[in-house]
Amino acid sequence: LYQLESILFYNNNSREKLIVAFSNEYKNRIDALEEKYPEVKFFLISNNLDAFSQQITGIKSSLERLNSLESLDRNITINHNPRERKDFNKIFFLTGYDIGKSLVPILRSYLISTEFYSTTELLMGASSLKELNDFENVMIPVPNYLFEEMSFNKDIKNIEDGLNKALVEDLILIEGIYQNNINNINMMFNSGISKISKGQCINRNLPLWKISTDTINPL
């Protein structure tokens, strides 16, 4: 979350064009963000995902106007293409897989030019890499090579299992580096490139990956 916060929230110009869609289990995290960034619009995801999507995109009011016009004369058919809102160009999703796999495709159908961001929690629950199709073009803070390597590992049960194993491998490698007194080096871990310096915390450079299944093989 910190990586995305530094990208999406620290820049004032970025905040003005950002909305956040979150589910109830992340309310505590959202409370902290709302306090720090009151100018950002936050939307709690409702059970009716179609209605929620129409609400935040502004399409709901557009459809209501259409219905009002058509009610004046039922014999008239009006060609109508709802326009996406222009007061934001980024959406940050803080939700899990079950909601995300339905919500993201709906919003993508409405918001052609909007950038989508999320934590990796959006993927937890996916049983295979094929299911990443639902999140095509969503940007997450994880290197793409991690998923490329995951696609060749037949021992991985699902996405969450693959990510957990990758983090465990990183921890084992870090411990080996410390035990051998290796210092002042750059290392490519599963989770990103890091600078190893004696007596200092490890700061990982987590690149954003725009999810694409073109470069990975399905589990």
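Each value, and the rule that gives it
- Residues numbered from 1 in each chain as written.
- Predicted model: local features only at pLDDT ≥ 70, side-chain atom pairs only at ≥ 80, totals over all residues.
- Heavy atoms only, no water.
- Helix = DSSP H or I, 4+ residues; strand = E, 2+ residues; numbered from the N terminus.
- Buried < 20%, exposed > 50% of the residue type's maximum accessible area, 1.4 Å probe, protein only.
- Contact = heavy atoms within 4.5 Å.
- Areas by Shrake-Rupley, 256 points an atom, 1.4 Å probe, with all protein chains shown as cover.
- Phe/Tyr/Trp six-rings, centres within 6.5 Å; stacked < 30°, edge-to-face > 60°.
- Expected span 1.5 Å × (residues − 1).
- Polar contact = N/O pair within 3.5 Å; in protein donor to acceptor, adjacent residues only side chain to side chain.
- Core = buried A, V, L, I, M, F, W, Y, C linked by side-chain atoms within 4.5 Å.

Visitor: Please clarify how the overall build of the protein chain should be interpreted in this entry.
Guide: Counting its regular elements, the protein chain contains eight helices and nine strands. Counting over 219 residues, the protein chain shows a buried share of 42%. For the protein chain, the proportion of contacts with a sequence separation of at least 24, taken over those separated by at least 6, is 61%. Put simply, the protein chain shows about 12400 Å² of open surface, and 48% of that area lies on carbon and sulfur atoms.

Visitor: Explain the packing of aromatic side chains to me, please; I cannot follow it from the model alone.
Guide: The geometry of an aromatic ring pair is captured by the separation of the ring centres together with the interplanar angle, meaning the angle of the planes. Across all of its chains, the model carries five aromatic pairs by this definition. Seen from their ring centres, Phe-93 and Phe-116 are 5.3 Å apart, and the 85° between their planes marks the pair as edge-to-face. Separated by 23 residues along the polypeptide, Phe-93 in strand 3 (residues 90-94) and Phe-116 in strand 4 (residues 115-118) bring together distant segments of the chain. Comparing Phe-93 with Phe-116 shows no difference in burial state: the two are buried.

Visitor: Would you mind going over helix 8 (residues 159-179) with me for this structure?
Guide: Residues spaced three or four apart along an α-helix point in a common direction, a consequence of the helix completing one turn every 3.6 residues. Helix length check: helix 8 (21 residues) gives 31 Å between terminal C-alpha atoms against 30 Å at 1.5 Å per residue, within 8%. Ile-159, Asp-161, Gly-162, Leu-163, Ala-166, Asp-170, Ile-174 and Ile-177 are the residues of helix 8 that are buried. On the buried face of helix 8, the contacting elements are helix 7 (144-150), strand 6 (185-189) and strand 7 (192-196). Its side-chain oxygen placed 3.3 Å from the backbone nitrogen of Glu-160, Asn-158 serves as the N-cap of helix 8.

Visitor: Can you help me understand unusual backbone geometry in this one?
Guide: Residues apart from glycine generally show negative phi values, whereas peptide bonds are mostly found in trans. Although it is not a glycine, Asn-137 adopts a positive phi angle of roughly 75°. Mapped onto the elements, Asn-137 comes out in the loop between strand 4 and strand 5 (139-141).

Visitor: Sorry, what's going on with the nonpolar core here?
Guide: One broad rule of soluble globular proteins: the nonpolar side chains tend to lie buried together. Judged by nonpolar contacts, the single largest core of 35 residues is most densely connected at Ile-91 and Phe-147. Those elements that place two or more of their residues in this core are strand 1 (18-22), helix 4 (49-57), strand 3, helix 6 (97-110), helix 7 and helix 8. Looking at this core element by element, the count peaks at five residues for helix 6. When neighbours within four sequence positions are excluded, Ile-91 is seen to be in contact with Leu-18, Ile-19, Ala-21, Leu-107, Leu-111, Thr-114, Glu-115, Phe-116 and Tyr-117. Core analysis: the second largest hydrophobic core is formed by 16 residues, Phe-9, Val-40, Phe-92 and Leu-94 among them.

These figures come from the coordinates and say nothing about function on their own.
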